[in-house]
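# Descriptive analysis of the structure
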Amino acid sequence: MSEHFTKMLIAHGGWRGTLIDLQRLYALDPNMRPEDYEWIVQHNIDIGSIERVFQETPMTIMRMCAYLENVRIHQCFAPNNAITDWCDYLKAAKTIEVDLTDNKAKYPSSLKREHDRAMAKQKLVMDEKKDEFFQMETERYGRLYSYKTDAYMIIPPKNMKDLFEEGRKLNHCVGSYSDRIVEGKSCIMFIRKTEEPDKPYFTIEINRSGSYVEQLRANSNRRINHSTEKELV
């Protein structure tokens, strides 16, 4: 152990927990200064949060502390809370392809503002990617299960908006099934009267093996009436 490492350990009682924390921090930055560690302890910053920040982009412990201290002073944001938002921001920034080699992006002047912007844009990007997978999946199984007679037609949702509107108009929960479709757990199809192709009538969930119907629900989860809807049966 280096001399200043040993001094820090002794200064903080030589506890095993302190030793482990110091080892984790030195693994991130072998040049960490004693004053940086003192600042981290003073502000009760979780070592795991520091490790997550370093996973997203390289920096030094000194630079990290300096940025969080700036956020504390100028944005009135406690460092032990700010570091969580900073980590989320950095992760989102990578998803939306922000250039984190630019220090203005890595150390935003308003962490709260840029955090909210990045998270909102990340959601849009992720929703777009999710909708692409959704459309690929519904198009694939739609070729298997689409059907039409003079009275009725069975069609797949074209996108996640279609699924949401189906659930909203029929007052049931199919709008929340997008993840199940993307993950390949459910096949959802819409049943329409052929003369009213845009008006939701029944929603059908087909078992992934295609061997049976899991659910068939109309408005407010009404089940099919086997007496009055024989033709649909």
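Now for a description of the structure that goes with this document. Quick caveat, the model's predicted, so the values are computed rather than measured.

### Considering the sheet that holds strand 3 (residues 187-193)
Here we have five strands laid out as an open sheet, ordered 1-2-3-4-5, and antiparallel in their pairing. For this open sheet the edge positions go to strand 1 (147-148) and strand 5 (213-217), each flanked by a neighbour on one side alone. Pairing between strand 4 (residues 202-206) and strand 5: four bridges, direction antiparallel. Each residue of the ladder has a partner; that of glutamate 205, found in strand 5, is glutamine 215.

### Points about the packing of helix 4 (residues 47-56) against helix 6 (residues 79-95)
Contact pair helix 4 / helix 6: the axes reach a minimum separation of 9 Å and the direction vectors enclose 20 degrees. Looking at the two axes, helix 4 sits roughly parallel to helix 6. By crossing handedness, the relation of helix 4 to helix 6 is classed as left-handed. Contacts between helix 4 and helix 6 involve Ser49, Ile50, Arg52, Val53, Gln55 and Glu56 on the former and, on the latter, Ile83, Thr84, Trp86, Cys87, Leu90, Lys91 and Lys94. For the contact of helix 4 with helix 6, the class distribution of residues is six nonpolar, three polar and four charged.

### Focus on the packing of aromatic side chains
Summed over all chains, the structure comprises six aromatic pairs. On the numbers, 5.9 Å between centres and 45 degrees between planes, the contact of tryptophan 86 with tyrosine 107 is tilted. Note that tryptophan 86 is positioned in helix 6 and tyrosine 107 in the loop between helix 7 (103-106) and helix 8 (111-145), a separation of 21 residues in sequence. In terms of burial, tryptophan 86 and tyrosine 107 fall into one category: buried. Here the aromatic residues Tyr67, Trp86 and Tyr107 are joined through ring pairs into a cluster of three or more. The ring of tyrosine 107 has arginine 63 lying over it, and the distance from NZ or CZ to the ring centre is 3.8 Å. Taking the ring centre of tyrosine 177 as reference, the NZ or CZ of arginine 180 above it sits at 5.4 Å.

### A word on the side chain of aspartate 29
With respect to the element layout, aspartate 29 can be found in the loop between helix 2 (16-28) and helix 3 (34-42). In this structure, aspartate 29 is buried with no salt-bridge partner, the nearest side chain bearing the opposite charge being arginine 33 at 7.9 Å. A distance of 2.9 Å separates the side chain of aspartate 29 from the backbone nitrogen of isoleucine 61, its partner in a polar contact. Excluding residues within four positions of it along the chain, aspartate 29 makes contact with Thr60, Ile61 and Met62.

Parameters at a glance
- Residues numbered from 1 in each chain as written.
- Predicted model: local features only at pLDDT ≥ 70, side-chain atom pairs only at ≥ 80, totals over all residues.
- Heavy atoms only, no water.
- Pairing = 2+ DSSP bridges.
- Helix = DSSP H or I, 4+ residues; strand = E, 2+ residues; numbered from the N terminus.
- Axes fitted to C-alpha atoms, helices over the stretch in contact; angles between N-to-C directions.
- Parallel < 35°, antiparallel > 145°, perpendicular 65-115°, else oblique.
- Left-handed = near helix turned anticlockwise from the far one by under 90°.
- Contact = heavy atoms within 4.5 Å.
- Nonpolar A, V, L, I, M, F, W, Y, C, P; charged D, E, K, R; others polar.
- Phe/Tyr/Trp six-rings, centres within 6.5 Å; stacked < 30°, edge-to-face > 60°.
- Buried < 20%, exposed > 50% of the residue type's maximum accessible area, 1.4 Å probe, protein only.
- Lys NZ or Arg CZ within 6 Å of the ring centre and 35° of its normal.
- Lys, Arg positive; Asp, Glu negative; His and termini not counted.
- Salt bridge = Lys/Arg side-chain N within 4 Å of Asp/Glu carboxyl O.
- Polar contact = N/O pair within 3.5 Å; in protein donor to acceptor, adjacent residues only side chain to side chain.

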